[in-house]
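# Structure at a glance
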Amino acid sequence: MIATILLSFGVLFLAELGDKSQLMALTFSLRYRWWVVLAGISVASVAVNLIAAGVGHFLGTALPANAIAVITALTLLAVGLWTLRDALTSADDPEEAPEPPSARNAFLVVISAFTLAELGDRTMFAAAALASNNNWLAVWIGSVAGMVAAGGLAILVGKIAGKHLPERAIAIASGLLFLFFAAKTVLGAFVPSLGGWGSAGVALIAPALVGVGVAGWRRRREQAERVGELAEVGS
């Protein structure tokens, strides 16, 4: 059983490196408290890997990946737009950081986003495959540990990077990253011929356009404020 736990830990940890779930963990860590993100990842990992181990052991089949991909993309899109809205409308002062959401709201967002992102993902397939030929309980324990460890590593990187970046810029970048994840999830499910790099390149179009729009909006807003200040001085 110990060997199976270690095997599952290694497989899931390596599978998570560079995966969208780890990038989501990094993105969430830039916006929310680290312990909230880690707790959300842990709960989602327990649930998803329990499903994966059960599917692999008892059924040997996978969940409908395309339908889950659409739900996941819509969830990521909603989170991205919500984050951008908070970043752009939370305060009149462009230098004032947007107020972070409550721990409870952030916890629920992290759980829902990670659960949907992992359902039908390659890491879930890996856990299901391991459970089909090994003790499902050991696979479950090792998979959860591997996924949480990979998420913890991403959180650490995010926290280190976040200390050197303004919080408003972090919020905007987080929102754009979620738009990228949403687009890439849909493309990966419905246009697999693009491949990993191809889908990533196409998926960059949406956040790039939104980013240009946000930059233009902020520039016009700053110019309007500057004109208003000059008018007040002149009067």
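Now for a description of the structure that goes with this document.

## Things to note about the overall build of the protein chain
When its secondary structure is counted, the protein chain shows 10 helices and 0 strands. Starting at the N terminus and ending at the C terminus, the protein chain contains elements arranged as α-α-α-α-α-α-α-α-α-α. Looking at the protein chain as a whole, 42% of its 235 residues qualify as buried. Looking at the protein chain alone, contacts between residues at least 24 apart form 88% of all its contacts between residues at least 6 apart. Carbon and sulfur atoms provide 70% of the accessible area of the protein chain, an area that totals close to 12000 Å².

## Points about the side chain of Ser29
Assignment of secondary structure puts Ser29 in helix H2 (residues 20–31). Looking at Ser29, the relative accessible area reads 1%, which means it is buried. Apart from the residues lying within four places of it in its own chain, the contact partners of Ser29 are Val37, Ala154, Ile155, Gly158 and Lys159.

## Let's talk about the environment of Phe180
Checked against the element boundaries, Phe180 lands in helix H8 (residues 167–190). C-alpha of Phe180 to C-alpha of Ile205: the two residues are 25 residues apart in sequence and 8.2 Å apart in space. Leave out the neighbours within four places in its chain, and Phe180 touches Ala200, Ala203, Leu204 and Pro207.

## Things to note about the packing of aromatic side chains
All chains considered together, the criterion is met by 3 aromatic pairs. Ring geometry for Phe28 versus Tyr32: centroids 5.6 Å apart, planes at 20°, classification stacked. Each member of the pair, Phe28 as well as Tyr32, is classed as buried. By way of ring pairs, the aromatic residues Phe28, Tyr32 and Phe114 are connected into one cluster.

## Some thoughts on the packing of H2 against helix H5 (residues 103–118)
One way to put it is that H2 packs onto H5 with a least axis distance of 10 Å and a crossing angle of 165°. Classified by the angle between their axes, H2 and H5 sit roughly antiparallel to one another. You can see that H2 and H5 cross each other, and the crossing is right-handed. Across the interface between the two elements, Lys20, Ser21, Met24, Ala25 and Phe28 from H2 touch Val109, Val110, Ala113, Phe114, Ala117 and Glu118 from H5. When its residues are assigned to classes, the contact of H2 with H5 shows 8 nonpolar, 1 polar and 2 charged.

Criteria and cut-off values
- Residues numbered from 1 in each chain as written.
- Predicted model: local features only at pLDDT ≥ 70, side-chain atom pairs only at ≥ 80, totals over all residues.
- Heavy atoms only, no water.
- Helix = DSSP H or I, 4+ residues; strand = E, 2+ residues; numbered from the N terminus.
- Buried < 20%, exposed > 50% of the residue type's maximum accessible area, 1.4 Å probe, protein only.
- Contact = heavy atoms within 4.5 Å.
- Areas by Shrake-Rupley, 256 points an atom, 1.4 Å probe, with all protein chains shown as cover.
- Phe/Tyr/Trp six-rings, centres within 6.5 Å; stacked < 30°, edge-to-face > 60°.
- Axes fitted to C-alpha atoms, helices over the stretch in contact; angles between N-to-C directions.
- Parallel < 35°, antiparallel > 145°, perpendicular 65-115°, else oblique.
- Left-handed = near helix turned anticlockwise from the far one by under 90°.
- Nonpolar A, V, L, I, M, F, W, Y, C, P; charged D, E, K, R; others polar.

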